[in-house]
Amino acid sequence: MTKLEYRKLSRKQQSTLESELQKAFLKIPRKKDMVALLLDLLTPSERIMLARRIRVARRLHAGESYLKIKRDLKVGIDMISFVDKWLIEKYRRVRGAQF
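Residues numbered from 1 in each chain as written. Predicted model: local features only at pLDDT ≥ 70, side-chain atom pairs only at ≥ 80, totals over all residues. Heavy atoms only, no water.

When helices and strands are counted, the chain shows five helices and zero strands. From first element to last, N terminus to C terminus, the chain shows the α and β order α-α-α-α-α. Burial status across the chain gives 12% buried among its 99 residues. Nonlocal contacts in the chain, meaning residues at least 24 apart in sequence, comprise 27% of its contacts between residues at least 6 apart. Element-wise, carbon and sulfur atoms account for 56% of the exposed surface of the chain, whose accessible area totals about 8700 Å². (Helix = DSSP H or I, 4+ residues; strand = E, 2+ residues; numbered from the N terminus. Buried < 20%, exposed > 50% of the residue type's maximum accessible area, 1.4 Å probe, protein only. Contact = heavy atoms within 4.5 Å. Areas by Shrake-Rupley, 256 points an atom, 1.4 Å probe, with all protein chains shown as cover.)

Written out as structure tokens, the structure is:
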């Protein structure tokens, strides 16, 4: 699959694609089907990157410091900051979600 520069898409195109992805995930009734989709849909690298962001989000949500997260998970401050910003700006949409 060729790499797509999402910044070249209009906001409407981005929104439409994101909506389609969300609908696809919401239609999956069983955990094993969700796992199969993730394994089929994402590359190993994408799965690892997503899992690491979730791990960072959990630790930030639990109140851990950037330095502790950086040291324990061996991730960069930029990634931690990105996830923290996402949590602050978008948390309303995921309130109550289990990271």
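So, about the nonpolar core. One finds Val 56, Ala 57, Leu 60, Ile 69, Leu 73, Val 75, Ile 80, Val 83 and Leu 87 forming the largest nonpolar core, which totals nine residues. When contributions to this core are tallied by element, the ones reaching two or more residues are α3 (44-61), α4 (66-73) and α5 (77-94). (Core = buried A, V, L, I, M, F, W, Y, C linked by side-chain atoms within 4.5 Å.)

We now examine the confidence of the model for the chain. In the predicted model, the chain carries a mean pLDDT of 86, and 88% of its residues have values of at least 70. Predicted confidence in the chain is weakest over α5, with a mean pLDDT of 82, and strongest over α4, with 97. (pLDDT = per-residue confidence, 0-100.)

Relative to the helices and strands, Trp 86 resides in helix α5. Relative accessible area serves as the criterion here: at 32%, Trp 86 is assigned to the partly exposed category. For the pair Trp 86 and Ala 57, spaced 29 residues apart in the sequence, the C-alpha separation amounts to 9.0 Å.

The next subject is the packing of α3 against α4. At a minimum axis distance of 10 Å, the contact between α3 and α4 shows a crossing angle of 145 degrees. Between α3 and α4 lies a crossing whose hand is right-handed. Packed against α3, whose contacting residues are Arg 52, Arg 55, Val 56, Arg 59 and Leu 60, the element α4 presents Tyr 66, Ile 69, Asp 72 and Leu 73 at the interface. Across the contact of α3 with α4, the residue classes tally to five nonpolar, no polar and four charged. (Axes fitted to C-alpha atoms, helices over the stretch in contact; angles between N-to-C directions. Left-handed = near helix turned anticlockwise from the far one by under 90°. Nonpolar A, V, L, I, M, F, W, Y, C, P; charged D, E, K, R; others polar.)

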